[in-house]
Each structure stands twice: as C-alpha cells, then as structure tokens.
Amino acid sequence: MRKLSLYPVGGKYGRYGGQFVPETLMAALSELEEAYERLREDPDFQKQLRYYLSEYAGRPTPLYYAENLTKKVGGAKIYLKREDLAHGGAHKINNTLGQALLAKSMGKRRVIAETGAGQHGVATAIACAALELKTEIYMGSEDMERQRLNVFRMRLLDAEVHRVESGSKTLKDSINEALRDWVTNVQTTYYLIGSVVGPHPYPVIVRDFQSVIGYELKEQITQKEGRLPDVLIACVGGGSNAMGTFYPFVDDKAVKMIGVEAAGCGIESGKHAASLYAGAEGVLHGMQTYVLQDEHGQIQTTHSISAGLDYPGVGPEHSFLKGIERAQYTVATDGEAVKAFLDLSKNEGIVPALEPSHALAYAVKIAQTMGRDQIIVVTLSGRGDKDVEVVAKYLGVKM
Amino acid sequence: MREIEKTFQNLKKRNEGALIAYVAGGDPKPEYTPDIVEALIDGGADIIELGIPFSDPVADGPTIQAATVRALNAGTTPKMVLEMVSEVKDRHRVPITVLTYYNPVFRMGLEDFFKSASRCGVDGLVVPDLPIEEARDYKRVAEAYEIDTIFLAAPSTSTERLRKIVEHTSGFLYLVSVFGVTGTRKEVQELTVNLIRKALPFTTGKIPLAVGFGISKPEHVRTIITNEADGAIVGSRFVKIIEKNRENNDEMIEEIKKCAHELKKATIRNRSSE
C-alpha cells in the first residue's frame, strides 16, 4: 500500500532534502534512520500506533460535506477533512504520537521539540504525557507572548517550556535552539520535529505519520462519492498537513494538489511567509529547499497572521513536487484568511484555525470556477479556538 | 605545497603546535576586522579563521551568536569578509581560512564563491553544517581553485566515518572537542583527550589535527598540544574581548594581542622532550 516511489534515496527528493547538519548529529540521524526503517515495517509498532491513533487521538476524523458553504459559493462540492476534531485540536497529534512511540522504542527518555504558535508543543506534550516521556519545549519569547494560553497548556501537560531569546525569537529560532540542545545532549535525547522539515529522515518520518490524513480521506471520499476528488487543498507552512494529505494521491495523476502559503500583508509588501511561491533555493535547518532569504543568503524574518505558517523554509518534498509540477503552490493573504475564517464559522458552525483558513480562502475562490459535479477536499488542519483573540484584534473588536 | 600544510610543517620543526584564532568577520564593525586580525597575527596566531556571519548559526553558542548579530547589524556581507581576507593578505603571509555556514556559499553559487575566495587569497574553508555526504560538488570546485576543504569530526563520529572524513579533508582535520556548541568552558574534558587519542592514528602522517570548541585558556591549549594534537582553535575567548571592548578600539587591540600571545606560548612544547 505504501508507495516507495517517493522514498528519498540518500535522503534526497530530487535535489532537495539531504542532511546539512553539524557532524555531531550525523550519527544520531543514522541511528534514527535505522530505527525507523526497522519500525515502519514492524507489525507490533504499527499496531501500537493504530491503537493510540484510534483510542486516544480519536481517529479516523470525519470527512464532512460542507453543504452550506458549497451552496453559498455555488460551484464545486467542498468537503472538509476534519483534523480539527483530532485530540489536541489539530493534525499535529498524528506525528507526535508516532515519533513519541519511536523515541520510546529507541530507549530515549528525554524528548525535545520546537514550537511556533504552541500547537506542536502542545501535541508533543500530550503524546509524551501519554507515553511517560520527559518533555522540554523550545519557544520563541515573541511567540510566548502571543500564545500565553498554549504556554500554560504545555505546563499543565507537564512539559518544561524554554524561552528562546535568540534571533527573531520565533519558530525558526526555536528550531535553532532545539538543534543546539540536541548537539549537546544527543546521546540521551530524541528531537521530535513538528513538520516535514529538517534533515533526513525527519521529512519522511513526519510525512509517513501524517499520511493517515490522506489514506483515510481517500477511503472516505470513495465511499461517499464513488470516486477520487478533483482537487485537494491544504495550507503549507512547513507543510506537514499538506504532505500528509497529498502523499497517498501522488500517483493519482487526475487529482490536482494545491498548497496554499501565507501571503501575509501581500507578497509585494515583503511581509509574508511564502517560501515556495516567493523564495529561492537554499539550505536551512539541515535541508536543501525553498527558503526566504536575502541576496546574501541571510534568512529573512517572516510574517503571517497565523503563527503556524510563519516559517521561512518548507519541507523538501514540497520543493520536489513543485519542481516536477505534481503540486501547485499559491498564496492567501491575512485578510483573505480572516474572511474564510468568518465564512466557515458563520455558515457551518465550524471555527477553523487560521492556518487552514488560508486553504479555505483559496478553495472558495476556485470552487466558483468549477462545475457542481466536481469535488474539492480541504484539509481543515486544526480548530480555531487558539485564534479567536488574534481575529478579534485584526477586526478591531474589543472582547 | 599549500600554505596551511607548510605552516604546520614549519611549526612541527620548531616543536610547536598551531594557534588557530577565530573571530567573526565584521564584528563589531567591518572596518575593525583587519586591525583585529592583525592583532591576532602580532600576538602570534599561526592561522586565522575568519567567520562569515550567518543569520542562523546552529553550531554556535551565545557568544558567537551575539558576534554574528553585531556583524550583520553592521551590514557585513559574505563578499565583504572575503575582501577583509584580501586586505590582510596584502601585508601578511599567515594562512587564512574562512568559516561559514553553507547557505551563504550556496546562495552565491559554488563557482562564484570559490572564485572570489581564491582571488582574495583564502587558503581554506570550514563549513560546520556541510558533512562529507553533501560535499561532492563543493569539494570539486574547491579543488579547482586550490582551496583547502577542512571537515569536522566529532565525539560521536565512528572510526569508520573518521577514516572517510580524513580522506576528504585537506589543510587540517577540525576535531570538535565536545558534545555541544561553541563557547568557552572551564576545563578540557577527559572526553577531549580520549578523542585526540582516538583520532591520531587516522591523521598521523596524513593530515594535521586541530582541536576546537571550548578551548579558551593557555592551560587548555597546553593540554591539547601535549596530547600530540597539531593545533588548538580558539574562538569565543577572542570574541568576548571584542564584545567587552567594542567601544574602545585601542584597548580591544591591545588585549587581543596579549591574549593571542599567552595562548601562543602554550603551544610551544617542552624543549627537553625534543
């Protein structure tokens, strides 16, 4: 069932990916690769993972036909893959449960992770609490201010949260700090990366664990509609929910795949986070991929209303899919995302996170141009409770 | 024979180890760097390692991170650092290596980068986030421009890997002394001494062995050199002097010179052991 056509030979997807890390980490990456190669084929491990995904995380998540929205838009049928209903409120749990089980099987008792908005940090803390692993989370001080609620949530879940004061004090810097911790404590520590980014084998590990989204969706849409969708749409920051959605469909050439990045205040403003759409090839956080950088190769600071998309790089497999034109990448602005956030809340009673609101914004745009017999599936990667304050502020509403 | 190799050979004849001194190019301001490098040379540094500042230095601790921020805020670019090398090379024959993360090199393009580096007289390159597996094209272009490719080995490097890294490296082998990032440390760990012992059989007769990360005091340098390593790399110690005196150029230069001198003395092996 699992496609090996895109297994990265030598850690590469075409020319993307790889292992651009300090020598100290090379041994740890091979150890991880060996462990993962063994466990991905191991029936006991897979059984354990399935158990936690269903009994603990609440999978499978529904594929919901957004009938009201579809009628309002007038065009293609819009389905939502409800990752917002997974435990923790986002797709992040699929990956953290998988990797926490992997860490445990490798005999590592200390887990570190980076987090931007706090969603991956919370999902890591949840998985590690369930599996009795010690957790330490790196989070930019800027992000800690913006997401105080998630900081407290992580602490409730018994994770230690480290404040990162270096660089731009956001996600990119918390990854740097987690890598520095890992270089120092590599013998005892598992680094649990939150997206399909970083050095090989992380992009493949995270993609595999997130592929549960696409495999479920494929089965569900086939049951409901008797066929595959015409278009899959997902938001792309690092790109884990998009990769998990796309991967099981890569060989189904009739299914169009569209990733939506954050255009922030608009691409021309320079304040955005659209690495694939507006970046250039580079090397960051261990991988060769599209990166937002200046002419000298310095990584740029990014902007998006949604903290989860606020990252200057992107998973290497997305760069590859863009290169071979198997997937398309486009953008939605802060304003478009907020509008989609409001539309879905009002019409369907579902408050989406701001990240997938970008995907929704684009879905609405193209649904209008499509026939009523056509099908779009949007991956609703998380719920929007965490974003209510941000949206109120954006709209100038006093709560 | 290339300059770095020659330097190690001459030092060996004199029964000395090499003092390799690192500073971040452009810290605190680009116009200071040539004077700082000159002070290091006057103090006795045998090889200079000049850093190209990069926005995301994952192998560096707080001291060098802060230096990077100062240099970038002062407008330092990769080309400017290469020009600094050229300026120093006009007056001195001391080998100069450049330390940079891979993205600035990648962004400029391998061909352009090495062409500029060669024109500016750069003798070798250290790229801490470029392991040998990713270095095929890099090595090919470096060879074409006759610039040494200095690779790193770490405490976690297996002997099998160590053998491969020694094959790839030229100029010297950069041995990372500890698990961790750059920065001054109180003392040389036993791990470091064992690491030198582990590496020497692979390097002896092939390539000089220099040890870096956490080496900041004369007694550290002495420990490294008496354990038969060929060189000691000191970075954060100098960067701290720059940080402390960034408003007072004269004092900065004096202190750097003095510090380099003390460290250099520690590389001189006991004459009676000759």
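The structure we're discussing is the one just above.
Below, the structure is looked at part by part. Since we're looking at a predicted model, the values are computed, not measured.

Reading guide: rules and limits
Residues numbered from 1 in each chain as written. Chains lettered and ligands numbered in written order. Predicted model: local features only at pLDDT ≥ 70, side-chain atom pairs only at ≥ 80, totals over all residues. Heavy atoms only, no water. Helix = DSSP H or I, 4+ residues; strand = E, 2+ residues; numbered from the N terminus. Buried < 20%, exposed > 50% of the residue type's maximum accessible area, 1.4 Å probe, protein only. Contact = heavy atoms within 4.5 Å. Areas by Shrake-Rupley, 256 points an atom, 1.4 Å probe, with all protein chains shown as cover. Lys, Arg positive; Asp, Glu negative; His and termini not counted. Charge placed at Lys NZ, Arg CZ, Asp CG, Glu CD. Buried area = accessible area lost by both parts, 1.4 Å probe. Salt bridge = Lys/Arg side-chain N within 4 Å of Asp/Glu carboxyl O. Polar contact = N/O pair within 3.5 Å; in protein donor to acceptor, adjacent residues only side chain to side chain. Nonpolar A, V, L, I, M, F, W, Y, C, P; charged D, E, K, R; others polar. Pairing = 2+ DSSP bridges. Right-handed = clockwise from strand over helix to strand, strands pointing away. Axes fitted to C-alpha atoms, helices over the stretch in contact; angles between N-to-C directions. Expected span 1.5 Å × (residues − 1). Phe/Tyr/Trp six-rings, centres within 6.5 Å; stacked < 30°, edge-to-face > 60°. Lys NZ or Arg CZ within 6 Å of the ring centre and 35° of its normal.

Attention now moves to the overall build of chain A. For chain A, the helix and strand inventory stands at 16 helices and 14 strands. Seen through its principal axes, chain A has C-alpha atoms that stretch 55 × 45 × 40 Å. When burial is assessed residue by residue, chain A has 65% of its 399 residues classed as buried. Here the contacts in chain A between residues at least 6 apart in sequence split such that 74% fall between residues at least 24 apart. Looking at chain A as shown, the accessible area adds up to about 14300 Å², and 50% of this sits on carbon and sulfur atoms. Separation between the mean location of the 45 positive side-chain charges and that of the 48 negative ones in chain A comes to 4 Å.

Between chain B and chain A, the residue contacts involve 34 residues of the former and 34 residues of the latter. Interface area lost by chain B to chain A is led by Val58, Arg107 and Phe179 of chain B, which between them contribute 23%. For the pair chain B and chain A, the number of links is three salt bridges. A salt bridge links Lys172 of chain A to Asp56 of chain B; the nearest nitrogen and oxygen atoms lie 2.8 Å apart. Taken together, the connections running from chain B to chain A amount to 18 residue pairs in polar contact (both at pLDDT 80 or more). For the side of chain B that touches chain A, the secondary-structure elements that each account for two or more residues are helix 3 (62-73), helix 5 (102-108), strand 6 (152-153) and helix 8 (159-168) of chain B. Residue contributions to the side of chain B that touches chain A peak at five residues, all from helix 5 of chain B. Of the residues contributing to the side of chain B that touches chain A, the split by class is 20 nonpolar, seven polar and seven charged.

Let's shift gears to the side chain of Glu16 of chain B. Residue and element names in this part refer to chain B. Of note, Glu16 is situated in the loop between helix 1 (3-13) and strand 1 (18-24). Side chain to side chain, Glu16 and Arg14 meet in a polar contact 3.2 Å long. The residues touching Glu16, leaving out its near neighbours within four places in the chain, are Leu11, Lys264, Thr267, Ile268 and Arg269.

Now for the environment of Ile52 of chain B. All names here are of chain B. For Ile52, the position within the fold is in the loop between strand 2 (47-51) and helix 3. Along the backbone, Ile52 and Ser236 are 184 residues apart, and their C-alpha atoms lie at a distance of 15 Å. Residues within four places of Ile52 in sequence aside, it is in contact with Pro78, Val81, Val98, Leu99, Thr100 and Phe113.

Attention now goes to the pairing of strand 6 (residues 134-140) of chain A. Residue and element names in this part refer to chain A. Across the seven residues that make up strand 6, a large majority, six, are buried. Bridge count between strand 5 (residues 110-115) and strand 6: six bridges; the pairing is parallel. Each residue of the ladder has a partner; that of Ile112, found in strand 6, is Glu136. The parallel pair strand 5 and strand 6 is bridged by helix 5 (residues 119-130), and the resulting crossover is right-handed. Pairing between strand 6 and strand 7 (residues 160-164): five bridges, direction parallel. By the bridge assignment, Tyr138 is partnered in strand 7 with His162.

With that out of the way, let us pick up the pattern of salt bridges. If you walk through the whole model with that rule in mind, you get 46 salt bridges over all chains. Between Glu355 of chain A and Lys386 of chain A there is a salt bridge; the shortest N-O distance is 2.9 Å. Of this pair, Glu355 of chain A sits in helix 15 (residues 354-367) while Lys386 of chain A is found in the loop between strand 14 (375-380) and helix 16 (388-395), placing the two residues 31 residues apart along the sequence. Across the pair Arg161 of chain B and Glu133 of chain B runs a salt bridge, and its minimum N-O distance is 2.5 Å. With a gap of 28 residues between them, Arg161 of chain B in helix 8 and Glu133 of chain B in the loop between strand 4 (124-126) and helix 7 (136-144) connect regions that are remote in the sequence. For Arg161 of chain B, a relative accessible area of 12% corresponds to the buried category. Residue classification places Glu133 of chain B among the partly exposed residues on the basis of a relative accessible area of 41%. Each of the salt bridges in this network shares a partner with another, and the network as a whole consists of Arg110, Lys134, Glu136, Glu160 and Asp181 of chain A.

Residues and elements named next belong to chain A. Here we have four strands laid out as an open sheet, ordered 1-2-12-11, and antiparallel in their pairing. Across the chains shown, the open sheet's two edge strands, defined by having one partner strand only, are strand 1 (12-13) and strand 11 (280-284). By the bridge criterion, five bridges tie strand 11 to strand 12 (residues 286-291) in an arrangement that is antiparallel. Bridging from a neighbouring strand, Ala280 pairs with Val291 of strand 12. Sitting on the sheet, helix 13 (residues 316-323) is in contact with strand 1, strand 2 (16-20) and strand 12, with an inclination near 45 degrees to strand 12.

As a further point, take helix 14 (residues 334-348) of chain A. Helix length check: helix 14 of chain A, at 15 residues, gives a terminal C-alpha distance of 21 Å against a target of 21 Å (1.5 Å per residue), a fit within 8%. By the burial criterion, the buried members of helix 14 of chain A are Asp334, Ala337, Val338, Ala340, Phe341, Asp343, Leu344 and Glu348 of chain A.

Considering all chains together, one arrives at 17 aromatic pairs over all chains under this definition. Relative to Phe213 of chain B, the ring of Tyr174 of chain B lies with its centre 6.2 Å away and its plane at 90 degrees, an arrangement referred to as edge-to-face. Here the residue Tyr174 of chain B occupies a position in strand 7 (residues 173-176), and Phe213 of chain B occupies one in the loop between strand 8 (209-212) and helix 10 (218-226), the gap between them amounting to 39 residues. In this pair, the class of Tyr174 of chain B matches that of Phe213 of chain B, namely buried. The structure contains a cluster of three or more aromatic residues connected by ring pairs, namely Phe20 of chain A together with Tyr102, Phe106, Phe113, Phe114, Tyr138 and Phe151 of chain B. Note that Lys77 of chain A overlies the ring of Tyr65 of chain A, its terminal NZ or CZ placed 5.0 Å from the centroid. The ring centre of Tyr290 of chain A lies 5.2 Å from the NZ or CZ of Lys322 of chain A, which sits over that ring.

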